[in-house]
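Examining the three-dimensional arrangement
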Amino acid sequence: MSSKLRQLIQLGKILIFILLLFVKITFLKEVNTMIINNDSPLRRLPPLDPKTTLILYGIRYSIEMADAAYSKLHKTIFDKMCSKAEEISNTTKEQIKSKTKHVDNVSVFLDAWSVVDSVHRLRGLFKCAPFIVQDSGCQQFYQDTNDIQLLRNIVQHLPGKINEITSQYFPILGVLSWFYVSDLENKIGLNCSLLAGTLFNNMRIDFVNPSNSKRNLIYPLDLITLNAYKYSVCLTDIMMYVEKMTRIIENQMKEQFENLPAAGADLMLCAHLKWE
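In what follows, the accompanying structure is described. (Residues numbered from 1 in each chain as written. Predicted model: local features only at pLDDT ≥ 70, side-chain atom pairs only at ≥ 80, totals over all residues. Heavy atoms only, no water.)

Across its full length, the protein chain holds eight helices and four strands. Going from the N terminus to the C terminus, the protein chain shows its helices and strands as α-α-α-α-α-α-α-β-β-β-β-α. Within the protein chain, contacts between residues separated by at least 24 positions form 70% of all contacts whose residues are at least 6 apart in sequence. Total accessible area on the protein chain stands at roughly 17,200 Å², and carbon and sulfur atoms take up 57% of it. (Helix = DSSP H or I, 4+ residues; strand = E, 2+ residues; numbered from the N terminus. Contact = heavy atoms within 4.5 Å. Areas by Shrake-Rupley, 256 points an atom, 1.4 Å probe, with all protein chains shown as cover.)

To continue, consider the pattern of salt bridges. Applying the stated criterion across every chain, the model contains eight salt bridges. The partner of Arg215 in a salt bridge is Asp222, and the shortest N-O contact between them spans 2.7 Å. Judged by relative accessible area, Asp222 falls into the buried class, the value being 0%. We note a salt bridge from Glu243 to Arg247, for which the minimum N-O separation is 3.4 Å. Taken together, the residues span about one helical turn, with Glu243 and Arg247 both in helix 8 (residues 235-257) at a distance of four residues. For Glu243, a relative accessible area of 36% translates into the label partly exposed. Judged by its relative accessible area of 30%, Arg247 falls in the partly exposed class. (Salt bridge = Lys/Arg side-chain N within 4 Å of Asp/Glu carboxyl O. Buried < 20%, exposed > 50% of the residue type's maximum accessible area, 1.4 Å probe, protein only.)

Here Asp111 shows up in helix 4 (residues 102-127). Accessibility expressed as a relative area gives 7% for Asp111, which makes it buried. Residues contacting Asp111, with those up to four places away along its chain left out, are Ala69, Lys72 and Leu73.

Turning our attention to the pairing of strand 1 (residues 175-183). In terms of residue burial, strand 1 counts as a mostly covered element, since seven of its nine residues are buried. Strand direction decides the pairing type here: strand 1 and strand 2 (residues 188-195), joined by eight bridges, are antiparallel. When the sheet's bridge partners are listed, Tyr180 is paired in strand 2 with Leu190. Where strand 1 folds back onto strand 2 in an antiparallel hairpin, the turn is made up of four residues, including Lys187, whose phi is positive at roughly 55°. Across five bridges, strand 1 lies against strand 3 (residues 221-228) in antiparallel orientation. Counted as the bridge partner of Ser177 is Thr225 from strand 3. (Pairing = 2+ DSSP bridges.)

Between Tyr219 and the following residue, Pro220, the backbone shows a cis peptide bond with an omega angle of 5°. Along the polypeptide, Pro220 turns up in the loop between strand 2 and strand 3. Phi angles above zero are rare outside glycine, and Leu223 is one such case at about 60°. In this fold, Leu223 is placed in strand 3. Of the residues examined, Leu223 reaches a relative accessible area of 6% and is grouped as buried. Within the chain, Tyr229 stands out as a residue other than glycine whose phi angle is a positive 60°.

Structure follows, in structure tokens:
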């Protein structure tokens, strides 16, 4: 190989690294934008009766827990895809295999199921909040997130369903799938799935299909989907529904709590203690 060709290859690798870095920085700026901002009425509750106050804080924390878990899930998968792109261009398959971070695989399933738990909790809090107007927007949210309840019930009732679930030869904690857009202009990308366990013969893995999406794809990572047993939930879409519902609640609260002073919240108490 000539020295000129080596220089061109090295320059190409540098350009790829710069492009990945630029996409990563832009992506992190977007992901780090939380659903509930500092000016939200959910963060500035006035003094209310105890029941209303407790439910509203439960709602706020459920939204933020789902948001934080999804953001971390999204970032971990994105970092994994960037690492794979760099490794494929610089290392052999054996080296890539040895660099697999198993803690990342565990982390994405932990965060995915955390989103499911938080949104399930949020649905329950919305339904038992008498001060929330149960209009068409609320009903649409319940409909859009109905599969969250079905998915959550699988892991909550494992002892009674374990024989039924294992007979399908499908990972108990499911399969995570996503679509990584590598070339938006030409509509080219990577369809990926991560199993919480091993792959059995005749086991069916359904990849996400960007053509079936009813909206424009989010660049560069979209359609993060959790499949468990016979249920499938696109967590990316779920978080969009949560954000839309959050705006509905915030608008209702602005009308009810306008011009009222904000009470203190999110206090951390510490006490000095000396022990023998």
